[in-house]
Number of protein chains: 2
Amino acid sequence: MRVSELVAVSGVPLATVKYYLREGLLMPGAASSATQAEYGEQHVRRLALVKALAGVGLPLGRIRTIVGLVDHPADTVFETIGRALAALPPYPAEGEKRSGDYPRARAVLERLGQVYEPAYPVVAQLERALAAAEDVGIPMTDERLDAYARHVRGIAEIDLDLMPTDSAESAIEYAVLGTAIYEPVLAALRRLAHQDIGAARFAGRTFDDFETPDRQDQP
Amino acid sequence: MRVSELVAVSGVPLATVKYYLREGLLMPGAASSATQAEYGEQHVRRLALVKALAGVGLPLGRIRTIVGLVDHPADTVFETIGRALAALPPYPAEGEKRSGDYPRARAVLERLGQVYEPAYPVVAQLERALAAAEDVGIPMTDERLDAYARHVRGIAEIDLDLMPTDSAESAIEYAVLGTAIYEPVLAALRRLAHQDIGAARFAGRTFDDFETPDRQDQP
């Protein structure tokens, strides 16, 4: 197809298509004349990926990393996907020191029996989140951690169960977009579950009788 | 205690304390002379709350809503906490139309047997998250939804189990901060669980042998 058809099929404006071509995010078409190129399914698919990654807020350099991994996967599936996921936000704040040690994250991961690897960006992300909980006076307790970890693992299992395995591109795309795009779904579902459970537990109760939790009345 | 001691104990700078007093976020001290006021535990506690809410990114007007609910709770615990939680981000984009109907969120909540109330901000938040998943080509399926919802409910149960019930202030503070502050913890734990499970499932495998999932080899 010509570039005009590519624009129509992908829904990506011509100026943006040209920009992606210049930046190397979209592979060149096959030259069909001095001024025209022919595009195919791989271009449509690549544009959809770049559009989706831009849609979840990835800066251009990070999109380039992911597209590069699709075209040239690392030696193993695990390493390839790990590198792709490292391109996701949240990014460390400007000037944040890479201390090389994240004591809160380490304690959590040791308790869970998972690898502690300070070079993974997500470990620094966990450390920041745990420090924030301490700062506001609700530090993570073992009781909460164990319950969270058990359910989060169940969520992660279904995420991996549903991973497509037909190609590197499908797998990387799913890993990156699925990680980013379902986080807000999960956050909204949690808030709605709070509401649903709270409505039952606190039905009609005022703060005056708040100190006798319903739970104690139940078997 | 004098205001200088309040500053020392709370760790909130004097200029900020004065600002919170002017804005009504901190209740006035008891006048002890024409130029001095006496502050107590309630002031220390209020400053900690305001500081924590500001720390999770709440704008001043939203903090005022929450502080107002602490001082004047609504008729029931459920209504009070519901209103406090509605002050949390994410906020609708500027100019976003309140359509009054959120078909994706409605379908999800009906499937889960939970109340669909389009006036709740979290329902619009769920709709946006579900629409984003559709846009990037990984729409929420029933299989994923059922698994997510089951585990999210387990997380929400422990959240409510651990809610303090000694006062309206404790309960509101916990609900608001716990909702906001544990979201990034859960997101980081999910990514780490992906990594942990993926390391086992994909150990040493390349994309060439990717089409034969490990799962099929297992009983």
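This is a predicted model, so every value here is computed, not measured. (Residues numbered from 1 in each chain as written. Chains lettered and ligands numbered in written order. Predicted model: local features only at pLDDT ≥ 70, side-chain atom pairs only at ≥ 80, totals over all residues. Heavy atoms only, no water.)

Tell me about the UniProt feature "domain: HTH merR-type" (unreviewed entry) in chain A, residues and numbers included.
UniProt records the feature "domain: HTH merR-type" (unreviewed entry) for residues 1-69 of chain A in the present numbering. As a span, residues 1-69 of chain A carries 62% helix and 6% strand, and end to end its C-alpha atoms are 26 Å apart. (UniProt positions renumbered as here; feature names shortened; annotations may be inferred. Helix = DSSP H or I, 4+ residues; strand = E, 2+ residues; numbered from the N terminus.)

A description of helix 3 (residues 41-55) of chain A should follow, citing residues and the corresponding values.
All names here are of chain A. Helix length check: helix 3, at 15 residues, gives a terminal C-alpha distance of 21 Å against a target of 21 Å (1.5 Å per residue), a fit within 8%. Those residues of helix 3 lying buried are His43, Val44, Arg46, Leu47, Leu49, Val50, Ala52 and Leu53. Taken from the residues just after helix 3, Gly57 is the one with a positive phi, measuring 95°. (Expected span 1.5 Å × (residues − 1). Buried < 20%, exposed > 50% of the residue type's maximum accessible area, 1.4 Å probe, protein only.)

So, the relation of the copies chain B and chain A: which residues are in play, and what are the values?
In summary, the two copies of the chain are related to each other by a rotation about an axis coupled with a shift along it. Between chain B and chain A, the superposition needs a rotation of 180° and an axial shift of 0.0 Å, giving an RMSD of 0.0 Å. Here the symmetry operator amounts to a two-fold rotation axis. Proximity to the rotation axis, assessed at the C-alpha, singles out His151 of chain B in chain B; its C-alpha lies 2.5 Å from the axis. When the interface residues of chain B are mapped onto chain A, 100% of them again fall at the interface, so both copies present the same face. (Least-squares fit on C-alpha atoms with pLDDT ≥ 70 in both. Contact = heavy atoms within 4.5 Å.)

How would you explain the pattern of salt bridges if you had to name every residue and give the values?
Tallied over the entire structure, the rule returns 30 salt bridges over all chains. Arg153 of chain B is the partner of Asp196 of chain A in a salt bridge, and the nearest nitrogen-oxygen pair spans 3.0 Å. Residue Asp196 of chain A is located in helix 9 (residues 168-201), and its partner Arg153 of chain B is located in helix 8 (residues 142-161); the two belong to separate chains. Arg153 of chain B gets classed as partly exposed once you look at its relative accessible area, which sits at 30%. For Asp101 of chain B, the salt bridge is made with Arg106 of chain B, and the minimal N-O distance between the two is 3.0 Å. Within this structure, Arg104, Glu127 and Glu134 of chain A form a network of salt bridges that share partners. (Salt bridge = Lys/Arg side-chain N within 4 Å of Asp/Glu carboxyl O.)

Outline the interface of chain B and chain A, supporting the account with residue identities and numerical values.
Between chain B and chain A, the residue contacts involve 85 residues of the former and 85 residues of the latter. Both faces combined, the contact of chain B with chain A buries some 8400 Å², and carbon together with sulfur accounts for 70% of it. For the chain B face of the interface with chain A, the top three residues by lost area are Arg190, Arg191 and Phe207 of chain B, together amounting to 10%. Remark: the boundary between chain B and chain A carries twelve salt bridges. As a salt-bridge pair, Arg201 of chain B and Glu157 of chain A come within 3.0 Å of each other at their nearest N and O atoms. Counting across the chain B and chain A interface gives 34 residue pairs in polar contact (both at pLDDT 80 or more). Elements represented by at least two residues in the side of chain B that touches chain A include exactly helix 5 (77-85), helix 6 (103-112), helix 7 (121-135), helix 8 and helix 9 (168-201) of chain B. Class assignment of the residues belonging to the side of chain B that touches chain A gives a composition of 54 nonpolar, 14 polar and 17 charged. (Buried area = accessible area lost by both parts, 1.4 Å probe. Polar contact = N/O pair within 3.5 Å; in protein donor to acceptor, adjacent residues only side chain to side chain. Nonpolar A, V, L, I, M, F, W, Y, C, P; charged D, E, K, R; others polar.)

Give a detailed account of the environment of Gly100 of chain B, specifying residues and quantitative values.
All names here are of chain B. Structurally, Gly100 is set in the loop between helix 5 and helix 6. Distance from Gly100 to Val152, taken between C-alpha atoms, is 26 Å for residues 52 residues apart in sequence. Contacts of Gly100, omitting those with residues within four sequence positions, involve Tyr116 and Pro118.

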